[in-house]
Amino acid sequence: QAAQSAQELVLDEHVLAILGPIGEIEGRAAVVSAARFGVPHVVLSSNPSVSEGVSTALRVRLSAEEKVKALARYAVTELGVQKAAVLVPKQEARKRQMAAFWDEFTRLGGEIRAVEFYEPKQRNFESTIGTLLGNSEPGEGTVDFDALFIPDDALQVRRVVPTLKYFGMRMKTHPKLKTSKRSPAVQLLGVEAWNSAAVIDGEGLTDNAVFVDTFFHDPDDRPVDRFVRAFFARHRRKPNAFRAEVYDIVRLLVAAMQGQEGMDHSTREALMRALLATKHHRGVTGHITLLDDFAA
């Protein structure tokens, strides 16, 4: 149905561009269908396979794995992390994030010192942390890593960090906190699911944690604040990351359409050139530069 709808938009409605759909299966079907006519197609799936191999399809949303790779690069190049450990729930999506972090971190010269898995619904982490640190008693293990990556949600992180402290691990709760071999301070690293007030620990154990997400409401950023307030006024709820991404994509399309005239194929080609010429477009999710294979 998505493939048929895309074809109808082109042949019956003579559209200059297509946006969407959201799902991976529907998205790929629509992309393949529209590609026969060379129509610029901005996909809303974050899965790279949806637009793969189609020159007229642009993916403007980053996948969870790409975000984690960005986190790994930041940890190595900006924070100076050389050794890391990973705590990961036994879930396929989280395992893929672990693999993406691992690959990028080691590609940049980092070393993964320890990995430990746990059940998704686990509540007690004493045995898990003990195994990770190689000890069964608090303070007896060796912390031989600079950072700990936990690809899990905010509530689980809140359950983990007190156990880390119980076993004698000192978290790097401030950028200037000194660390040494005798008294290491471990940098906490997370995923987009950490972007919640629930991650805030009463003792400040999650302070200075670093995680990557697409969007957050910064009241001091005027364009972002205006967007959030306008969205709330209209819908009576705050926008999530996906809605912010779609808002940016629509504005990007509108900007590329400025000055385009006509409804023939040459106009579509001109629009595609305008889209690919987009550099550092300032959106509420950050600066967007469109590339031939995906957006950054």
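Refer to the structure presented above.
Residues numbered from 1 in each chain as written. Predicted model: local features only at pLDDT ≥ 70, side-chain atom pairs only at ≥ 80, totals over all residues. Heavy atoms only, no water.

Turning to the sheet that holds strand S3 (residues 57-59), a few remarks are in order. Strand order in the open sheet formed by three strands is S1-S2-S3, and the pairing between neighbours is parallel. Edge positions in the sheet fall to strand S1 (18-19) and S3, since each of these pairs with one other strand and no more. With three bridges connecting them, strand S2 (residues 41-43) and S3 associate as parallel partners. Opposite Val-43, over in S3, you have Arg-59 as the bridge partner. (Pairing = 2+ DSSP bridges. Helix = DSSP H or I, 4+ residues; strand = E, 2+ residues; numbered from the N terminus.)

This part is about the pairing of strand S8 (residues 185-190). Of all the six residues making up S8, six are buried; the element is thus mostly covered by neighbouring parts of the structure. Burial of S8 is two-sided: the residues Ala-185, Gln-187 and Leu-189 facing one way and the residues Val-186, Leu-188 and Gly-190 facing the other way are all buried. Two elements, strand S6 (residues 147-149) and S8, share three bridges in a ladder whose sense is parallel. In the strand pairing of S8, Phe-149 is matched with Leu-189. In the sheet, strand S7 (residues 170-171) pairs with S8 via two bridges, with the strands oriented parallel. What sits directly across from Met-171, in S8, is Val-186. Pairing of S8 with strand S9 (residues 210-211) involves two bridges; the strand directions are parallel. Bridge assignment links Gly-190 to a residue of S9, and that residue is Phe-211. (Buried < 20%, exposed > 50% of the residue type's maximum accessible area, 1.4 Å probe, protein only.)

One pass over the full model with this rule turns up eight aromatic pairs. Note on Phe-101 and Phe-105: the rings are 5.4 Å apart at their centroids and 10° apart in plane angle, and the pair reads as stacked. Of the two residues, Phe-101 and Phe-105 both sit in helix H4 (residues 92-107), four residues apart, roughly one turn of that helix. Accessibility expressed as a relative area gives 0% for Phe-105, which makes it buried. Centroid distance Trp-194 to Phe-211: 6.4 Å. Interplanar angle 45°. Geometry classified as tilted. Here the residue Trp-194 occupies a position in the loop between S8 and S9, and Phe-211 occupies one in strand S9, the gap between them amounting to 17 residues. For Trp-194, a relative accessible area of 1% puts it in the buried group. One aromatic cluster in this structure is built from Phe-215, Phe-227, Phe-231 and Tyr-247. (Phe/Tyr/Trp six-rings, centres within 6.5 Å; stacked < 30°, edge-to-face > 60°.)

Attention now goes to the pairing of strand S4 (residues 83-89). A regular strand places its side chains so that they alternate between the two faces of the sheet. Within S4, six of the seven residues are buried, leaving the element largely enclosed by the surrounding structure. You can see the chain leave S4, run along H4 and come back into strand S5 (residues 111-118), and the turn it takes is right-handed. Both S4 and S6 contribute to a ladder of three bridges, which runs parallel. Looking at the pairing, Ala-85 lines up with Leu-148 of S6. (Right-handed = clockwise from strand over helix to strand, strands pointing away.)

This paragraph deals with unusual backbone geometry. Put simply, Gly-20 and Pro-21 share a cis peptide bond, and its omega is 0°. Mapping Pro-21 onto the fold places it in the loop between S1 and helix H2 (24-35). Although it is not a glycine, His-280 adopts a positive phi angle of roughly 55°. Among the structural elements, His-280 can be located in the loop between helix H9 (265-276) and strand S10 (281-283). For His-280, a relative accessible area of 60% puts it in the exposed group.

The quantities given are spatial measurements derived from coordinates; they are silent on function.
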